[in-house]
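# Fold and geometry: a report
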Amino acid sequence: MNRSLLVFLPVCENNQYQLFRHSRHIFFVQIRYQEDELALSSLLKKKPKNMAAEFLDWEVDECSPSGFKHEKQLSAPLRRFYNLNKRKSFAAFVASKREGGQEDGSPSWCCCDHIFKEDAAIHKHVARAHGSEIQKLALSEYSCMLSQAEEEPKHQPTNERVDVSAWIPDMSHIPQEHLEKGPGKVLLYYRYCQVKEPHVICAWQRTLCELLHLTGKVRVATEGINGTVGGTHVATDLYVQAMCLHPLFSMDKEDFKTSDGGPECFTGLKVGVFKEIVPMGLDPDIVSYQLAGVHLEPAEFHKEVEALLAEGDSCNDTVLLDCRNFYESKIGQFTRCLAPDIRKFSYFPDYVDQNLELFRDKKVLMYCTGGIRCERGSAYLRSKEVCKEVYQLKGGIHKYLEEFPDGFYRGKLFVFDERYTISSNHDVISSCRYCGCPWDQYELCTTQFCCQLVLSCPACRSDTHTACCPTCGSKGQDSAPRKEECECTDGRPRIPQDVK
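For the structure given in this document, a descriptive report is provided here. Just so you know, the residues in each chain are numbered from 1, in the order the chain's sequence is written. In view of the model being predicted, local features appear only for residues whose pLDDT reaches at least 70, and side-chain atom pairs are presented and counted only at 80 or more, with totals across whole chains, interfaces and linings using the full set of residues. Heavy atoms from the whole structure form the basis of all side-chain values; hydrogens and water molecules are not counted.

Across soluble globular proteins, you tend to see nonpolar side chains buried next to one another. To qualify as a nonpolar core, a set must consist of buried Ala, Val, Leu, Ile, Met, Phe, Trp, Tyr and Cys residues joined through side-chain atoms within 4.5 Å. Buried residues are those whose accessible area, probed at 1.4 Å on protein chains only, stays under 20% of the maximum for their type, while exposed residues exceed 50% and partly exposed ones sit between those limits. Counting 33 residues, the largest nonpolar core has W204, L212, Y239, M243 and F249 as its most contacted members. The secondary structure listing takes helices from DSSP runs of H or I that are at least 4 residues long and strands from runs of E that are at least 2 residues long, numbered from the N terminus. For this core, the leading source of residues is helix α7 (residues 198-211), giving seven residues. By definition in these notes, contact holds between two residues if any of their heavy atoms fall within 4.5 Å. Not counting chain neighbours up to four residues away, the residues in contact with M243 comprise Y189, W204, Q205, I225, F249, M251 and F256. Within the second largest apolar cluster, 31 residues are counted, among which are Y192, A221, I342 and V352.

Right, dumping it as structure tokens:
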């Protein structure tokens, strides 16, 4: 039986398809590009002559904080491109105001005949006093980029044949039912590396997961791969084998975190190409994983936390930083950690910017679920040049709990699948949203279209307290808007300021 797997790659910029031949089966798989550049390219093909002109005809509204009068009319990819240029223009403007520095070596900025000695101060001044200039710079840069994109030669589709049969494990001796039924587990992993053809890896991953009957989520980008998948023990072992054999990733079994579960832990399979393998909202080429902090093994991290706790309140030179979201740290965290009240990891850079004094001249110990957010989170923190040292927990909480199930991490570990949490100890550090009794089992808000998680104990749930807040609870199911509008979102600052 022919077990080869061939991939034919049409090199074109829009609707791309892959042809897979495995045994006697033919698979046509559409590559779903989610990178903004490809979306932009597709849009330019549709309106190559009018797009830039449309932007050039726009006026900068100096009185409007939103910038362009017609910005809301843009498609999502174009809005992201414009916002990226706006951020770059802001950074360039601030950099142009930087002077030689102060006597102690720290930087300073001069703008509007004022000297600013803190990052936050100059950022606030530029945002308030030079907003219109930033918008004009962003518009100019954006229009230039659109013009260049229009002038790029259009590539004629060609076929490139790639044999990826070596990337698929031999399954000829394995009964199909062993891949579909039986005890299972969930894998969590990531690998930062240079991926020149992410669409090829994406197509391979999708086919591999489908052949193994795995469910879950896999993100591929030019900076690497990030995934969490569930399946039977046989299927997940074969998946790990395939990943370890792939020459691009150079992974071993220790790079995978495992927990009890299976394919039922996910609603389906999602594999795609993205700009980042974890959504931070910053260009990976600007804030690279290669600038990450020092990795500490779980045992080393444990000793650092132990020393921090031994000093008690007298320790003021070390920060134990949880870089996860608030709903994760709410049900489980390290003792005496700083847990930012943020809803998304993409808010983490802004949190750092607005709370730099918390980290100035401090040793920072960072941690997250599996380690991936710390890679670029620590790189961003280091780029601010305010910390004495930046360390991160290798393998994240997952690996720490494998070695220290009764260590300094107390409570549950939040996971991004249908289980919501896994545990290694019996501590409950959170409470029911309604009655205040100890409770740490999340459920989705029952209000239509609301995606908030709610902690509601069985007694309160039986008493119809199943919404995330009273506002959601009072909404009618038929009239609920298609977005989150409730006390949970309106009452929480987007970027909390923890500096007193």
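In a helix, the anticipated span is given by 1.5 Å times the number of residues less one. Over its 14 residues, α7 runs 20 Å from end to end, which matches the ideal 20 Å to within 8%, given 1.5 Å per residue. Among the 14 residues in α7, 13 count as buried, and that is most of the element. Where α7 ends, the next residue or the one after it, H213, has phi of about 60°, a positive value.

This brings us to the packing of aromatic side chains. To pair, rings of Phe, Tyr and Trp, with the six-membered ring standing in for Trp, must have centres within 6.5 Å; the planes then decide the type, stacked if under 30 degrees apart, edge-to-face if over 60, and tilted in the middle. Overall, the coordinates contain 17 aromatic pairs when judged by the stated rule. With 5.2 Å between their ring centres and 45° between their planes, Y189 and F256 make a pair best called tilted. Residue Y189 is located in strand β7 (residues 184-192), and its partner F256 is located in the loop between α8 (233-245) and β10 (257-261); the two are separated by 67 residues in the primary sequence. In this structure, Y189 and F256 share a single accessibility class: buried. Ring centres of F414 and Y442 lie 5.9 Å apart, and the angle between their planes is 80°; on these two criteria the pair is classed as edge-to-face. Residue F414 is located in strand β18 (residues 413-414), and its partner Y442 is located in strand β20 (residues 442-444); the two are separated by 28 residues in the primary sequence. Classification of F414 by relative accessible area gives buried; the value is 3%. One aromatic cluster is present, built from ring pairs that chain together F301, F334, Y367, Y400, F404 and Y409. In this scheme, the term charge over a ring applies when either NZ of a lysine or CZ of an arginine sits within 6 Å of the ring centre and within 35 degrees of the ring normal. The side chain of R219 reaches across the aromatic face of F274, ending 3.8 Å from its centre. The ring of Y434 has R433 sitting right over it, with the charged end atom 5.6 Å from the ring centre.

Before going further, it helps to spend a moment on the side chain of E375. By the secondary structure assignment, E375 is in helix α12 (residues 372-383). Under this rule, positive means Lys or Arg and negative means Asp or Glu; His and the chain ends count for nothing. By convention in these notes, a salt bridge is any Lys or Arg side-chain nitrogen within 4 Å of a carboxyl oxygen on Asp or Glu. Look at E375: it is buried, it has no salt bridge, and the nearest opposite charge is R191 at 7.7 Å. A distance of 3.0 Å separates polar atoms of two side chains, one belonging to E375 and the other to H295. What E375 contacts, discounting residues up to four positions off in sequence, is Y190, Y192, Y289, A292, H295 and Q392. Distance and chemistry together define a polar contact, namely a pair of N or O atoms within 3.5 Å, with one atom able to donate a hydrogen and the other to accept it when in protein, and with adjacent residues in sequence counting only for side-chain atoms on both sides.

Of all five residues in strand β16 (residues 389-393), four are buried, a share of seventy percent or more. For two strands to be treated as a pair, DSSP must find at least two bridges joining them. Pairing of strand β12 (residues 294-296) with β16 involves three bridges; the strand directions are parallel. Across the sheet, residue H295 finds its bridge partner in β16, namely Q392. Pairing analysis gives four bridges linking strand β15 (residues 363-367) to β16, with the strands arranged parallel. Directly across from L365, in β16, lies its bridge partner Y391. A crossover connection joins β15 to the parallel β16 through α12; in handedness this β-α-β unit is right-handed. The crossover handedness rule: strands pointing away from the viewer, path from first strand over the helix to second strand clockwise, crossover right-handed.

Quick look at the environment of H130 now. Residue position: H130 is located in the loop between α4 (119-129) and α5 (131-151). In this structure the C-alpha to C-alpha distance between H130 and F90, which are 40 residues apart in sequence, comes to 9.3 Å. Not counting residues up to four positions away in its chain, the partners in contact with H130 are F93, C111, C112 and H125. Here the side chain of H130 touches E133 through a polar contact of 2.7 Å, side chain to side chain.

What follows concerns the sheet that holds β10. Strands sit in the order β10-β7-β9-β8-β11 across an open sheet of five strands; the sheet is mixed. Every interior strand has two partners, whereas the edge strands, β10 and β11 (269-273), have only one. Here the average twist between neighbouring strands, direction ignored, is 10°. Here strand β8 (residues 215-221) runs beside strand β9 (residues 224-232); their pairing, made up of seven bridges, is antiparallel. Directly across from G216, in β9, lies its bridge partner V229. On the sheet, helix α13 (residues 396-403) packs against β7 and β10 and is oriented at approximately 80° with respect to β10. Interaxial angles span 0 to 180 degrees and are taken between N-to-C directions of axes, which are lines fitted to C-alpha atoms, for helices over the stretch in contact.

The next subject is the pairing of β9. Residues in a regular strand project their side chains so that they alternate between the two faces of the sheet. For β9, the tally of buried residues reaches nine of nine residues, placing the bulk of the element in the interior. When β7 meets β9, the two strands line up antiparallel, connected through nine bridges. Paired with V186 across the bridge in β9 is G230. Between the antiparallel neighbours β8 and β9 lie two residues.

Before going further, it helps to examine α4. For α4, the full list of buried residues reads D119, I122, H125 and V126. Mapping the buried residues of α4 onto a view down its axis gives an arc of 140°, with all of them on the same face. This arc corresponds to the set of directions leading from the helix axis out to the C-beta atoms.

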